[in-house]
Amino acid sequence: MHPPMITTNPHAALLASPGMGHLIPMVELGKRLLTHHGFDVTIFVVTTDSSTTASQILQQTSNLSSLNIVVLPPIDFSSKPGPNPSLGEQVAIAMVESLPLLLSSIISMKLRPSTLIVDLFGTCAFPIARDFGMSTYVFFATSAWFSAVTIYVPVIDKEMEERHANNHEPLLIPGCESVRFEDTLEPFLSLDGPVHEGFLRAAENIISSDGILINTWQDLEPASTKAVRESSILGRFTKGPVYPVGPLVRNIEPRQEHEAVLRWLDGQPADSVIYVSFGSGGTMSEDQMNELAWGLELSQQRFVWVARPPMEDEASGAFFDVAKGGDSGPEYLPNGFLERTKDTGLVVPLWAPQAEILGHSSTGGFVTHCGWNSVLESILNVVPMVAWPLYAEQKMNASLLEEQLGVAVRAKVAEEGGRVVSREEIAMLVRRVMVDEEGVGMRKKLKELKHSGEVALSNLGSSYESLCQMTKVCELHVQGSKAKAQGA
């Protein structure tokens, strides 16, 4: 390794794991560090063999040429996982496979990074960072509540954890709401399985980092942000400080492609359209697609629905490739649905410009899978939600939205052990958000949360100050490295 050039600015390398839900917040954090806190920023993007990823990355960063994006060569891990690997296992394998690519990229840089920031899946890169004398940070692109669970896992009461997994008792988290078994995370479904082992290993790496960033803010989650920061609660388990730095979301871009969706919205009354999207990776069964179509029709509300071909028994079927299944047309929708709803609804295949749709004055509700990016975008655009979680920590997010914040109603299956949300339930939930007084109350709460989020990011706001504190630590690290190099 040749010695790096010494710079005065902290240089942050951000490592984004596969999936748009991981990439978007990393890009937004990079933009923030670059434009508001004086960092040089390089974003390393781990990709799979998805042909859509590169163009999506360019869309995210086209207006910021000084952001250095390095798209690592695609990882082909189709032969690597064992039978039926979980989504988390697939992402983790992709990250390990990417390490030689990351190492060679860093070695070739004239201006070496001084800090490495990874997401939940990227802690396997910490040894590389430490070999180069870089400080290490983890960025949770999700709630402080989920972050608290992760921080607590390495030191959790094992008997309580077993009662949660085996007897379905609540998972008690110091300083936070407990997690009901119905909303639990996949690692707690099998305590001796590889998913739990991988989660525990990642959590141990996370609490050993020099700092933890979370895409939330104090007023959104006062109890959980206090719990992860204070040394009397969960803060004592982390080596470095915890910094709430949100809400970091993608800005609305000038209209370019997909203008047809926005033009259609232009012709609708204010707050009259329910937007239906299950994120960049969410998929559902054919039976559920049918019920959703009938539910939207029964609700008698205008809608924009981002629809993907159904996939049986695979809630995250499009995670690695948003175009998975191809644009196979509307044959998976009920007969006559498009004709009957042509004046009130718009079905968009595969993908739509979500930030622009949620920011449109005609959009009055959002049926969402509760991915954290979608949650934050909905809050900041004052759009009440129908919470329909599919995978990962989305059930916890749904619980937070409905029970703690009061800005969503939650979809539930018809009967015990059932797998399909009925058309009647869907229609009722849509009307609760769009027509009933309940929706009015949600909008009032959302306006308050939006304001608090904007204040948090403004000068002297809590999230702005958090990033200022982290910046000072990174600057001291650069100065220490410079002095060490000069003394060598």
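Preceding block: the structure.
What you see is a predicted model; the values in this text were computed from it and never measured. (Residues numbered from 1 in each chain as written. Predicted model: local features only at pLDDT ≥ 70, side-chain atom pairs only at ≥ 80, totals over all residues. Heavy atoms only, no water.)

Asks: Can you lay out the side chain of histidine 369 for me, pointing to particular residues and giving the numbers?
Replies: In this fold, histidine 369 is placed in the loop between strand 11 (363-368) and helix 13 (372-380). Overall, the relative accessible area of 6% leaves histidine 369 in the buried class. Excluding its chain neighbours within four sequence positions, the residues that come into contact with histidine 369 are Ser277, Phe278, Gly279, Ser374, Trp388, Pro389, Leu390 and Gln394. (Helix = DSSP H or I, 4+ residues; strand = E, 2+ residues; numbered from the N terminus. Buried < 20%, exposed > 50% of the residue type's maximum accessible area, 1.4 Å probe, protein only. Contact = heavy atoms within 4.5 Å.)

Asks: Tell me what's going on with the environment of serine 135, and back it up with residues and numbers.
Replies: Of note, serine 135 is situated in strand 5 (residues 135-140). On the basis of relative accessibility, which here comes to 5%, the residue serine 135 falls in the buried class. Separated by 18 residues in the primary sequence, serine 135 and isoleucine 117 place their C-alpha atoms 8.5 Å from one another. Those residues in contact with serine 135 that lie beyond four places of it in its chain are Ser114, Thr115, Leu116, Asp210 and His477.

Asks: Describe the sheet that holds strand 8 (residues 273-277), and please don't skip the residues or the numbers.
Replies: Here six strands make up an open sheet; going across it, the order is 10-9-8-11-12-13 and the pairing parallel. Looking at strand neighbours, the two that pair on one side only are strand 10 (345-349) and strand 13 (408-410), the edges of this open sheet. Averaged over all adjacent pairs, the angle separating strand axes in this sheet is 15 degrees, with direction ignored. Of the strands in this sheet, strand 8 and strand 9 (302-307) are in contact with helix 10 (residues 286-299), which crosses strand 9 at around 165 degrees. (Pairing = 2+ DSSP bridges. Axes fitted to C-alpha atoms, helices over the stretch in contact; angles between N-to-C directions.)

Asks: Residue-level account of the packing of helix 10 against helix 15 (residues 423-434), with values.
Replies: Following both chains from N to C, one finds helix 10 and helix 15 inclined at 45 degrees, their axes separated by 7 Å at the closest point. In terms of their interaxial angle, helix 10 and helix 15 are classed as oblique. Taken as a pair, helix 10 and helix 15 cross one another with a handedness that is right-handed. In this structure, helix 10 uses Gln288, Glu291, Leu292, Trp294, Gly295, Leu296, Leu298 and Ser299 to contact helix 15, whose residues at the interface are Arg423, Ile426, Ala427, Val430 and Arg431. Looking at the contact of helix 10 with helix 15 residue by residue, the class counts come to seven nonpolar, three polar and three charged. (Parallel < 35°, antiparallel > 145°, perpendicular 65-115°, else oblique. Left-handed = near helix turned anticlockwise from the far one by under 90°. Nonpolar A, V, L, I, M, F, W, Y, C, P; charged D, E, K, R; others polar.)

Asks: Residues and numbers for the nonpolar core, please.
Replies: One finds Trp305 and Trp388 to be the most contacted residues of the largest nonpolar core, which totals 116 residues. When residues no more than four places from it in sequence are discounted, the contact partners of tryptophan 388 are Phe278, Met284, Gln288, Leu292, Val367, Thr368, His369, Cys370, Ala411, Val421 and Ile426. Grouped together as the second largest cluster of nonpolar side chains are 27 residues, Leu14, Leu33, Leu67 and Val245 included. (Core = buried A, V, L, I, M, F, W, Y, C linked by side-chain atoms within 4.5 Å.)

Asks: Provide a residue-level description of the side chain of threonine 142, including the pertinent values.
Replies: Within the element layout of this structure, threonine 142 appears in the loop between strand 5 and helix 5 (144-152). The exposure class assigned to threonine 142 is buried, which follows from its relative accessible area of 5%. Polar contacts involving the side chain of threonine 142 include one to the side chain of glutamate 393, which spans 3.0 Å. For threonine 142, the contacting residues outside a window of four places in its chain are Ser147, Ile214, Asn215, Trp372, Glu393 and Asn397. (Polar contact = N/O pair within 3.5 Å; in protein donor to acceptor, adjacent residues only side chain to side chain.)

Asks: Any details on the pattern of salt bridges? Residues and values, ideally.
Replies: For the structure on display, the rule yields 17 salt bridges. Here arginine 180 makes a salt bridge to aspartate 183, at a shortest N to O gap of 2.8 Å. According to the relative accessible area criterion, arginine 180 is partly exposed, its value standing at 30%. The shortest N-O distance in the salt bridge between arginine 201 and glutamate 197 comes to 3.4 Å. Of the two residues, arginine 201 and glutamate 197 both sit in helix 7 (residues 194-207), four residues apart, roughly one turn of that helix. Linked by salt bridges that have partners in common, Arg180, Glu182, Asp183, Glu403 and Arg410 make up one network. (Salt bridge = Lys/Arg side-chain N within 4 Å of Asp/Glu carboxyl O.)

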